[in-house]
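Chain residues, written in single-letter form:
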Amino acid sequence: MSEALLTVKEATAKLLDVVREGSQHLPGSPTTQALTVGAVMGALTYLLLKKRYRLPPGPTAFPLVGNLLVFREKDPLYMILLNWSKEKYGPVITLYFGPKRWVTLNSIDVVHEALVKKATDFAGRPYAFWIAVRTCAGSKCQATAVLSNKQLGTARETYICTFAFRSFMTGTPLEVAVHEIVPLAVDKMAAETGPFDPHVILSSLMFSIIYSMCFGERRGLDDPELLRLMHVLDTGNELIGNGLFEDVVPFLRLSLTPRARQLKAILTELFDLIRINVDKHKETLSKDNIRDMTDAVLLAQKRVEEEENPEKMAMFNDVHVRQIVSDLFVAGVDTTRMTLDWGLYLLASFPEIQRKTQEEIEAVTGDRMPQLADYGKLPYTEAVLYEIMRVGTGVPMGLPHETLCDTTVGGFDVPKGTMVLINHWALHNDPDHWDKPEEFRPERFLDDQGKMAPKPESWLPFSTGRRACLGEAIAKPEIVLVLACILKRLNISLPPGDKFDPRPAFNSTAVYIPKPYRIIVTRRTKP
């Protein structure tokens, strides 16, 4: 029998003696005294025998609010966590937001331990109200972001791995859309006679491309519906900020705060659009004519229905279809336009890097427009993209994970049901893994021959493990193609006196967006 167990038994015996002695002074009948003693003994036994966890360290949490005051700091949480991980607590840090415990992972070693070595333990997705609002306007949905493990497997199997889906985002349809839409954006930028903010043009460009891929319909850059959708997502990103109080105080979901009501109202517009388009596609679906990604998802649903497997059918119903299309549309637009926003800002700020990129594009493409087939032949351009995604980490804290069982990471206990966040911004700015991480230096991704070197382990914009982003193989060639098409036609610079500012537009753990900036463009060649 262990020493620890003897200690518990001895302590219990002593407490029992104290309770017996005290019971003699309790008022009431013997029955009342017995019930009181039983209740006290039950509570004491629970406190003595309940499992003790060695939780990761972190700042002192205050009653009721936990560590919410950290959001009042000048720096965003992901920057604060990187400093704490180096100076105070180490790479695994516990925070409390109200009663909810968060464990944050702030170095690649502990991230690899959790998401790769112990992938099953950390494979859950918690219910977060702000994610539910962003993915389905707050209804009780099962969007891809929050699918259970079994549902996730079905979704991956049926629509992500569908050849039709991949062909739309890696083949001719995407290339045709880019070649048709990018020149419109180039003309629009070239028509500006002075410094201007490119955000609206770049966002309209990506909205138009993704709209075409999702719904098979070309929309102009000035299309009122696309401009409204852009406003919806811009406003939504800012309203989400560091989350919603409804996640800290669950009963507020019964009567939403004004910010949550506003967020839900504007995002309802987006999901109404998705629903209308999906319903139209369902009426005209033909397995012999897959027009776009919505058709591909609907066809995958039909294949599930043909299997006549009730369990799979329940995991891929009409609600799931709408949520999947919504995920594809929002994720396809938001992350790529953030990357383009950072990309043009950085290339305008560092003209020598821009010049080298343009020289490579010219050497490979000659008089023609860049093509998807050029991906892999443009190592410097690809390295520029990697460095843009490192410096401008669009989703700095990623999507939350949840532990499915009691587990450990970094030598600390992580109880079942704990929300776990990956600090991607910290991974991309860790001085232990990056030489002068504050510098914009694409060469860090190249080998001595100027080819792409093996991917640095601390470069993780698409996460890793079982919950890795499935769009990595699609997003990188797409963004390289769009950037190459823009840089082939335009020179981009900052106005005199303007300098690159890495600080985000607003304090948020959800997104990392550059402050509004201005550029000047001139044509390089005739369109």
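Preceding this paragraph is the structure being described.
Computed from a prediction, not measured in an experiment: that's the story for all the values here.

Colleague: Help me get a handle on the overall build of the chain, residues and values and all.
Modeller: Within the chain one finds 19 helices and 8 strands. Residues counted as buried form 52% of the 527 residues belonging to the chain. Summarising the internal contacts of the chain: among those between residues at least 6 apart in sequence, 74% fall at separations of at least 24. When the accessible surface of the chain is summed, it comes to about 24200 Å², and 57% of that surface belongs to carbon and sulfur atoms.

Colleague: Provide a residue-level description of the side chain of lysine 488, including the pertinent values.
Modeller: Turning to its location among the elements, lysine 488 is positioned in helix H19 (residues 472–489). At a separation of 3.5 Å, a polar atom in the side chain of lysine 488 contacts the side chain of glutamate 362. At 2.6 Å, the side chain of lysine 488 and the backbone oxygen of glycine 366 are in polar contact.

Colleague: Before we move on, can you summarise the pattern of salt bridges with the specific residues and values?
Modeller: Counted under the stated rule, the structure contains 28 salt bridges. Close ionic contact of arginine 523 with aspartate 187 constitutes a salt bridge, the shortest N to O distance being 2.8 Å. Residue arginine 523 is found in strand S8 (residues 520–523), and its partner aspartate 187 is found in helix H8 (residues 172–190); the two are separated by 336 residues along the sequence. Taking the shortest distance from any N to any O, the salt bridge between aspartate 222 and lysine 188 comes out at 3.1 Å. With aspartate 222 in the loop between helix H9 (199–215) and helix H10 (224–240) and lysine 188 in helix H8, the pair connects residues that are 34 residues apart, well separated along the chain. The partly exposed category is assigned to lysine 188, whose relative accessible area is 32%. Taken together, the salt bridges that share partners define one network made up of Glu217, Arg219, Asp223 and Glu225.

Colleague: How would you sum up the environment of valine 248? Please name residues and give values.
Modeller: Within the fold, valine 248 resides in helix H11 (residues 245–248). Measuring from C-alpha to C-alpha, the distance between valine 248 and valine 65 comes to 8.3 Å, with 183 residues separating the pair along the chain. Leaving out residues up to four positions away in the same chain, valine 248 has contacts with Leu68, Phe97, Gly98 and Pro99.

Colleague: I'd like to hear about the packing of aromatic side chains, residue by residue, with values.
Modeller: Each aromatic ring pair is summarised here by two numbers: the centre-to-centre distance and the angle between the ring planes. Following the criterion strictly, the structure yields 20 aromatic pairs and no others. For the pair tyrosine 211 and phenylalanine 329, a centre-to-centre distance of 6.3 Å together with 80 degrees between the ring planes defines the contact as edge-to-face. Of this pair, tyrosine 211 sits in helix H9 while phenylalanine 329 sits in helix H15 (residues 318–349); the two residues are 118 residues apart in sequence, bridging distant segments of the chain. Neither residue differs from the other here; tyrosine 211 and phenylalanine 329 are each classed as buried. Grouped by ring-pair contacts, the aromatic residues Tyr78, Trp342, Tyr345, Phe350, Trp425, Phe440, Phe500, Tyr512 and Tyr517 constitute a single cluster.

Colleague: Describe in detail a nonpolar patch on the surface, supporting the description with residues and values.
Modeller: A grouping of Phe62, Leu64, Val65 and Leu69 is seen on the molecular surface, where their side chains present a nonpolar patch of about 420 Å² in accessible area. For leucine 69, the position within the fold is in the loop between helix H2 (30–49) and helix H3 (77–87).

Colleague: Provide a residue-level description of the environment of threonine 60, including the pertinent values.
Modeller: Position of threonine 60 among the secondary structure elements: in the loop between H2 and H3. Separated by 35 residues in sequence, threonine 60 and leucine 95 have C-alpha atoms that sit 8.5 Å apart.

Colleague: Could you give me a rundown of the layout of surface pockets, with the residues and numbers involved?
Modeller: When its volume is computed, the largest pocket comes out at roughly 540 Å³. The wall of the largest pocket is formed by 30 residues, among which Trp102, Asn242, Gly243, Leu244 and Val248 lie closest to the centre. Breaking the lining of the largest pocket down by element, the ones donating at least two residues are strand S2 (100–105), H11 and strand S6 (419–422). No other element matches the 3 residues that H11 contributes to the lining of the largest pocket. Broken down by class, the residue content of the lining of the largest pocket amounts to 19 nonpolar, 5 polar and 6 charged.

About the thresholds
- Residues numbered from 1 in each chain as written.
- Predicted model: local features only at pLDDT ≥ 70, side-chain atom pairs only at ≥ 80, totals over all residues.
- Heavy atoms only, no water.
- Helix = DSSP H or I, 4+ residues; strand = E, 2+ residues; numbered from the N terminus.
- Buried < 20%, exposed > 50% of the residue type's maximum accessible area, 1.4 Å probe, protein only.
- Contact = heavy atoms within 4.5 Å.
- Areas by Shrake-Rupley, 256 points an atom, 1.4 Å probe, with all protein chains shown as cover.
- Polar contact = N/O pair within 3.5 Å; in protein donor to acceptor, adjacent residues only side chain to side chain.
- Salt bridge = Lys/Arg side-chain N within 4 Å of Asp/Glu carboxyl O.
- Phe/Tyr/Trp six-rings, centres within 6.5 Å; stacked < 30°, edge-to-face > 60°.
- Patch = residues over 30% accessible without salt bridge, like charges linked within 9 Å, V, L, I, M, F, W, Y side chains within 5 Å.
- 1 Å grid on protein atoms, 1.4 Å probe; cavity = no way out; pocket = protein on both sides within 12 Å on 5 of 7 lines; lining within 4 Å.
- Points joined across faces, edges and corners; volume = space filled by probe spheres on them.
- Nonpolar A, V, L, I, M, F, W, Y, C, P; charged D, E, K, R; others polar.

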